[in-house]
Amino acid sequence: MPAGNKTTLHTMLGNYPNTEPLKSGKIHSDLVDFDFVEVKIANNLFKSVVRGAKYDVAELAIVTYLQAKTYGKPYVLLPAVLVSRGQHHTIAYNGDRGMLAPSDLAGKRIGVRAYTVTTGAWVRGILANDYGVDVNKVEWITFEDPHVAEYWDPAGVKRAPHGKELVQMLLDGELDAAVVGDKLPDPRLRHLIPDPDIAAQKWAERHHGVPINHMVVVREDLSRSRPDVVKDVFRQLHESKVAAGLPDGAALDPYRFGVEACRPILEVILDFCRQQQLLSRQISVDELFDDTTRSLTLGSS
């Protein structure tokens, strides 16, 4: 590219406090212009990332990326967390139908949007490793295909009847529990895990980090050919987070930057994915990055 020209990157990022300064143009660059696709809910476009390689830079759920990596999709991970949270509060049951505890789940039917959804993987891993639940003795009911087309759900995972909706099935007693997401969508629902916020805080302290939901990926060919551009994207993402007024660098910072900062939680989710038959082969944290993205640290140039 001729000196002085800027690279325009076709980009898909959701609308969050930590992306608003970047998407609104408050963060400046001499190297990069972003062509942002309009998106209301980022996960609606994850299939277009891993099936069509549609973007130069994209937000992606971490389990979707791990699966994409094992199937050779042409993206490399940036060590930049966009979305993370405690996960204990995301699984619920209908309190009107009686009490339910993690110890009661054997033989029960649990709904989740897709078996591969990152929140579901975190919840299953937490239930298995911290509450002694044999997740293979649970009947998992799904409503959508995996984002990565090559992946097939394990044999014990079943699809809900056509036209059924997760929350209504839970209210009607067709599901015993369900991964409903960040907020309880009906006043009759109760958290399956007692005191979920306290449990999530203790989990984060024990594992040295907050569970990661979404990170950022870039095209492998871009990372190889223009490491300067990739480094500048990383810089801008971090500056956008800081400009949003979010705490930066705390021990349990939800929006971590840098491989070593992300490593403890990436190791946990890789372990959970192995336990749950989510990956076609074993991979390590270091395989998720290339020479360019592995070297990215705050203040790097």
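Here the structure is a predicted model, which means the values were calculated and not measured.

Chemist: Looking at this structure, how should I read the pattern of salt bridges?
Modeler: Side chains bearing opposite charge may pair, as long as their charged atoms lie close to each other. Counting across every chain of the model gives 22 salt bridges. Across the salt bridge formed by D33 and K6, the nearest N and O atoms sit 3.1 Å from each other. With D33 in strand β2 (residues 32-36) and K6 in the segment before β1 (7-12), this pair connects stretches of sequence that are 27 residues apart. Residue class for D33 comes out partly exposed when judged on its relative accessible area of 35%. Between R226 and D228 there is a salt bridge, with the nearest N and O atoms lying 2.7 Å from each other. A relative accessible area of 32% means that D228 is categorised as partly exposed.

Chemist: Teacher, can you tell me more about the sheet that holds β2 here?
Modeler: Backbone hydrogen bonds are what pair the strands of a sheet, in a parallel or an antiparallel way. Here five strands make up an open sheet; going across it, the order is β2-β1-β3-β11-β4 and the pairing mixed. Each edge of the sheet is formed by a strand with only one pairing partner; in this case those strands are β2 and β4 (75-84). The average undirected angle you get between the axes of adjacent strands in this sheet is 30°. Across five bridges, the pairing between strand β3 (residues 57-61) and strand β11 (residues 212-219) is antiparallel. Residue pairing for β11: V57 is matched across the bridge by V218. Packed on one face of the sheet, helix α3 (residues 62-70) meets β3, β4 and β11 and runs near 105° to β3. Along the sheet, helix α9 (residues 259-275) makes contact with β4 and β11, crossing β11 at roughly 130°.

Chemist: Is there a simple way to explain the nonpolar core in this structure?
Modeler: Side chains of a nonpolar character, in soluble globular proteins, are inclined to be buried together. Ranked by size, the top nonpolar core spans 63 residues in total, and within it V49, I62, L66, I91, L266 and I269 carry the most contacts. Setting aside anything within four residues of it in sequence, one finds L266 in contact with I62, I212, M215, V285, L288 and F289. Core analysis: the next-biggest nonpolar cluster, separate from the first, contains 22 residues, I27, A80, V229 and V230 among them.

Chemist: How do you make sense of the pairing of β3 when you look at a structure like this?
Modeler: Extensive coverage of β3 is indicated by the burial of five of its five residues. Because side chains alternate across β3, one face comprises the buried residues V57, E59 and A61, and the other comprises A58 and L60, equally buried. Judged from the two bridges that link them, β1 and β3 form a sheet pairing that is parallel. Looking at the pairing, T11 lines up with V57 of β3.

What counts as what
- Residues numbered from 1 in each chain as written.
- Predicted model: local features only at pLDDT ≥ 70, side-chain atom pairs only at ≥ 80, totals over all residues.
- Heavy atoms only, no water.
- Salt bridge = Lys/Arg side-chain N within 4 Å of Asp/Glu carboxyl O.
- Helix = DSSP H or I, 4+ residues; strand = E, 2+ residues; numbered from the N terminus.
- Buried < 20%, exposed > 50% of the residue type's maximum accessible area, 1.4 Å probe, protein only.
- Pairing = 2+ DSSP bridges.
- Axes fitted to C-alpha atoms, helices over the stretch in contact; angles between N-to-C directions.
- Contact = heavy atoms within 4.5 Å.
- Core = buried A, V, L, I, M, F, W, Y, C linked by side-chain atoms within 4.5 Å.

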